[in-house]
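# Secondary and tertiary structure notes
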Amino acid sequence: MKITNVQPIQADAAWTCYTFVKVETDVGITGYGECTDWRAPNAVAGGVLDMRPLIIDQDPMAVTLLTAEMNRHNQQAPGGTMGRAIAGIECALWDIKGKAYGVPVYELFGGPFRDRVRLYWSHCSSYRARYPELLGTPPLRTYDDITNLGREVVQRGFTALKTNITIPGEPAEVYATSDGVLQAGVLDKITNLLDAFRAGTGNDFDLALDINYNFKTRGASQIAKILESYNMMWLELDTWEPTALKRITRATSTPICSCESVNTIVDYRPFLDAKAMDIGMVDIPWTGFAQSKAIVDLAESHDIVMAPHNYYSHLSTFMAAHLCASSRCIQIMETDVDAAPWRDEFVTELPHIENGHMIIPDAPGWGTDLNEQAITDRPWQGQIPTGLIGKK
Ligand SMILES: [Mg+2]
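Keep in mind that this is a model prediction, so the values were computed, not measured. (Residues numbered from 1 in each chain as written. Predicted model: local features only at pLDDT ≥ 70, side-chain atom pairs only at ≥ 80, totals over all residues. Heavy atoms only, no water.)

### Digging into the domain arrangement of the protein
Each domain of the protein was delimited in the assignment, giving domain 1 (3–103) and domain 2 (107–365). Between the C-alpha centres of domain 1 and domain 2 there is a distance of 25 Å. With 29 residues of domain 1 at the contact, the number on the domain 2 side is 31 residues. Both faces considered, domain 1 and domain 2 share a buried interface measuring about 2,300 Å² in area, 71% of it formed by carbon and sulfur atoms. The largest per-residue losses of area from domain 1 upon contact with domain 2 belong to Trp15, Tyr18 and Glu34, which jointly make up 30% of the total buried on that side. Connecting domain 1 to domain 2 are eight residue pairs in polar contact (both at pLDDT 80 or more). A per-element tally of the side of domain 1 that touches domain 2 places helix α3 (residues 80–101) first, with eleven residues. Among the residues making up the side of domain 1 that touches domain 2, the classes are represented as 14 nonpolar, six polar and nine charged. (Domains from an automatic or database assignment. Contact = heavy atoms within 4.5 Å. Buried area = accessible area lost by both parts, 1.4 Å probe. Polar contact = N/O pair within 3.5 Å; in protein donor to acceptor, adjacent residues only side chain to side chain. Helix = DSSP H or I, 4+ residues; strand = E, 2+ residues; numbered from the N terminus. Nonpolar A, V, L, I, M, F, W, Y, C, P; charged D, E, K, R; others polar.)

This is the structure:
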């Protein structure tokens, strides 16, 4: 088998751009991967084009070799945007390999370990605060509206959610800092939000808060401390400094989750060596499937559980489900429920969700293909909306 074509495919997904990779072969098998990075969609697509000459005419079954060659080409700047492009191509190659053998990708990695994986509703309130008209969801004017959202999440079968620091109002906002400093009053905003969610979800439910890169060590520690009485699933934050993260984790009984942006195993290892967090995040569209699996296995050797980072299209959700199906120490998997109303059109199969769990797909490859006509009908316009610059 030979690779005959490699191309990025990009879809308009309202406030984000989904970036996919399509790899075609001379035997008619087509593979799809996802490497969405809505902050740099043009750079990621350009990276895919830069990799094309390395793999055109090559055997797509030699996934490890081709991935190594792409990484070798990129060895002076590993990871980053080009790493995402390589990940998207690699994921498309696994899709081809699974289809060629007639097996789901998890079969290539020793699965199935499980037949379903528990999900949490991510960015719960965050997207509704910013885009209620687009989503057709009720505005979040008061904390009672947050409580009602918590009730809705339970009614829709979920047993866990993750939110960001949402402040209800007209309009509602998602709080962010530019200096990493915890200002007076923010702790109250956090506890008000979590109290409101808890009133809607009840106690038999897991809450998580993601503060991203918004606070340095001191502020993050103060937030972790105030959350100790909330029995959180986790507090999530991002930092490039393993020992700083370890300080936060050691100083609190609140479980700490991190490392979604750490996308090579070499960069990940110091965080694991330091036992810097309780739960590790791994992002398949940014890291690649095999390297994500290697990171999960390395984390298990450090007694650290993992959770896939997944806030993209349904294709990424399928890819993450295969990681969960081929790995042991997976706590839970992220999914966005609120998304562009036309997101479902982009794939041929939707995730099968029952009682807050995704059923692991069993079709060859990832178990879903792209609907390229639907993407052609909603092309990416080539520019990030300026209102989103700097936001998460
Ligand atoms: Mg996060």
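### Observations concerning the coordination of the magnesium ion
Note on metal geometry: ideal angles are 109.5 degrees for four donors arranged tetrahedrally and 90 or 180 degrees for six donors arranged octahedrally. Around the magnesium ion, the donor atoms from the protein are Asp210 (OD), Glu236 (OE) and Glu260 (OE), and they sit 2.0 to 2.2 Å away. When the donor residues of the magnesium ion are listed from N- to C-terminus, their spacing reads D-x25-E-x23-E. Of this pair, Glu236 sits in strand β9 (residues 234–236) while Glu260 sits in the loop between β10 (256–258) and α10 (265–273), placing them 24 residues apart in sequence. For Glu236, a relative accessible area of 0% puts it in the buried group. Relative accessible area serves as the criterion here: at 3%, Glu260 is assigned to the buried category. (Donors = N, O, S within 2.8 Å, 3.2 Å for Na, K, Ca; no water. Buried < 20%, exposed > 50% of the residue type's maximum accessible area, 1.4 Å probe, protein only.)

### Things to note about the pairing of strand β11 (residues 279–282)
Burial along β11 is two-sided: the face carrying Ile279 and Met281 and the face carrying Gly280 and Val282 are both buried. In terms of strand pairing, β10 meets β11 through two bridges, oriented parallel. Of the residues in β11, the one forming a bridge with Ser258 is Gly280. The pairing of β11 with strand β12 (residues 305–308) spans four bridges and is parallel. Counterpart to Met281 in the pairing with β12 is Ala307. (Pairing = 2+ DSSP bridges.)

### Quick notes on the packing of aromatic side chains
Geometrically, a pair of aromatic rings is defined through the distance of the ring centres and the angle of the planes. Using the criterion set out here, one finds eleven aromatic pairs in the structure. Aromatic side chains Trp15 and Tyr127 sit 4.7 Å apart centroid to centroid with 40° between the ring planes, which places their arrangement in the tilted category. With Trp15 in the loop between β1 (3–13) and β2 (16–25) and Tyr127 in helix α4 (residues 126–130), the pair connects residues that are 112 residues apart, well separated along the chain. In this structure Trp15 comes out as buried when scored by relative accessible area, which is 10%. Note on Tyr127: relative accessible area 5%, which makes it buried. Ring geometry for Trp94 versus Phe109: centroids 4.7 Å apart, planes at 70°, classification edge-to-face. Of the two residues, Trp94 is situated in helix α3 and Phe109 in the loop between α3 and β4 (116–122); the sequence distance between them amounts to 15 residues. A relative accessible area of 8% means that Trp94 is categorised as buried. Within the aromatic cluster, the residues linked to one another by ring pairs are Trp94, Phe109, Phe289 and Trp366. (Phe/Tyr/Trp six-rings, centres within 6.5 Å; stacked < 30°, edge-to-face > 60°.)

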